[in-house]
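Chain by chain, the residues run as shown.
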Amino acid sequence: MKNYSRREFGVLLPALAATASAQSTTPAAADNVEKLPVLGTKAYIYNDLPVTTNGKNKQRRLFTGKTHTGFKMESHQSDIAPGEVNHPPHQHLREEMMLMREGTMELTISGKPMRLGPGDVGFIGSNEMHNAKNVGTTRAHYFIVNIGRDDV
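### Focus: the overall build of the protein chain
Then, in step 1: Along its length, the protein chain carries two helices and nine strands.
Then, in step 2: The proportion of buried residues among the 152 residues of the protein chain is 30%.
Then, in step 3: The contacts of the protein chain with a sequence gap of at least 6 include a subset with a gap of at least 24, amounting to 67%.

Here's what the structure looks like:
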């Protein structure tokens, strides 16, 4: 291991600080569970939730926070038009549940398609490639519950 002079260290220090600063703005750092609010008892009223749109699809965010034991949870509701996908295939460390309310979705996990209808639940394991398509003739409505964290 090389010993650095004070001059060399002085040159390296700003670069190290810049790297640390850049890392603190990455999605993993922004997802740091320690900075999330503790979830408390609350009702999330569907018609009161703000709607975001992505093409023909809509989404309502419910919550992102942690339980009193420090377990991260996030939930949102999605409304997908017939023939549309919810997002491109992707994967993440956290687990996820898809809880169907209305319509018919084909949830594909690691290349295996599963048809889900009202009352069905799909569970997506950690790091499994997944996405879903509305294969029905009406809009599909479902809830997503993400459990766990991506910053570890």
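Let's pick the thread back up.
### Structural notes on unusual backbone geometry
Then, in step 1: Here Ser110, not a glycine, exhibits a phi torsion of approximately 50 degrees, which is positive.
Then, in step 2: Structurally, the position occupied by Ser110 is in the loop between strand E5 (105-109) and strand E6 (112-116).
Then, in step 3: What makes Ser110 partly exposed here is its relative accessible area of 43%.
Then, in step 4: Phi at Asn127 is positive, roughly 60 degrees, even though this residue is not glycine.

### Concerning the pattern of salt bridges
Then, in step 1: Scanning the model with the defined rule gives five salt bridges in all.
Then, in step 2: Across the pair Glu34 and Arg149 runs a salt bridge whose closest N-O atoms are separated by 3.6 Å. You can see Glu34 sitting in the loop between helix H2 (27-30) and strand E1 (51-54) and its partner Arg149 sitting in the segment after strand E9 (140-147), a full 115 residues away along the chain.
Then, in step 3: When its relative accessible area of 25% is taken as the criterion, Arg149 is described as partly exposed.
Then, in step 4: As a salt-bridge pair, Arg94 and Asp150 come within 2.0 Å of each other at their nearest N and O atoms. Taken together, the positions of Arg94 in the loop between strand E3 (72-80) and strand E4 (95-102) and Asp150 in the segment after E9 put the pair 56 residues apart, joining distant regions of the chain.
Then, in step 5: Residue Arg94 is classed as buried on the basis of its relative accessible area, which comes to 19%.

### A few points about the sheet that holds E5
Then, in step 1: The three strands lie next to each other as E6-E5-E8, forming an open sheet whose pairing is antiparallel. Each of the sheet's edge strands pairs with one partner strand only, and the pair in question is E6 and strand E8 (130-134). Each adjacent strand pair in this sheet contributes to an overall mean axis angle of 25 degrees, direction not counted.
Then, in step 2: With five bridges connecting them, E5 and E8 associate as antiparallel partners. Bridge pairing in E8 places Leu107 opposite Ala132.

### A few points about the side chain of Asn131
Then, in step 1: Residue placement: Asn131 occurs in strand E8.
Then, in step 2: Asn131 has contacts with Val85, Asn86, His87, Pro88, Pro89, Glu106, Leu107 and Thr108, leaving out every residue within four places of it along the chain.

### Quick word on the sheet that holds E1
Adjacent strands of a sheet pair through backbone hydrogen bonds, lying either parallel or antiparallel.
Then, in step 1: Overall, antiparallel pairing links the six strands, which are arranged E1-E2-E3-E9-E4-E7 in an open sheet. Sheet topology places E1 and strand E7 (121-124) at the edges, where each strand pairs with a single neighbour. Sheet twist, expressed as the mean angle between neighbouring strand axes with direction ignored, is 25 degrees.
Then, in step 2: With eight bridges joining them, E3 and E9 adopt antiparallel strand pairing. Across the sheet, His76 pairs through a bridge with Ile144, a residue of E9.

Criteria and cut-off values
- Residues numbered from 1 in each chain as written.
- Predicted model: local features only at pLDDT ≥ 70, side-chain atom pairs only at ≥ 80, totals over all residues.
- Heavy atoms only, no water.
- Helix = DSSP H or I, 4+ residues; strand = E, 2+ residues; numbered from the N terminus.
- Buried < 20%, exposed > 50% of the residue type's maximum accessible area, 1.4 Å probe, protein only.
- Contact = heavy atoms within 4.5 Å.
- Salt bridge = Lys/Arg side-chain N within 4 Å of Asp/Glu carboxyl O.
- Pairing = 2+ DSSP bridges.
- Axes fitted to C-alpha atoms, helices over the stretch in contact; angles between N-to-C directions.

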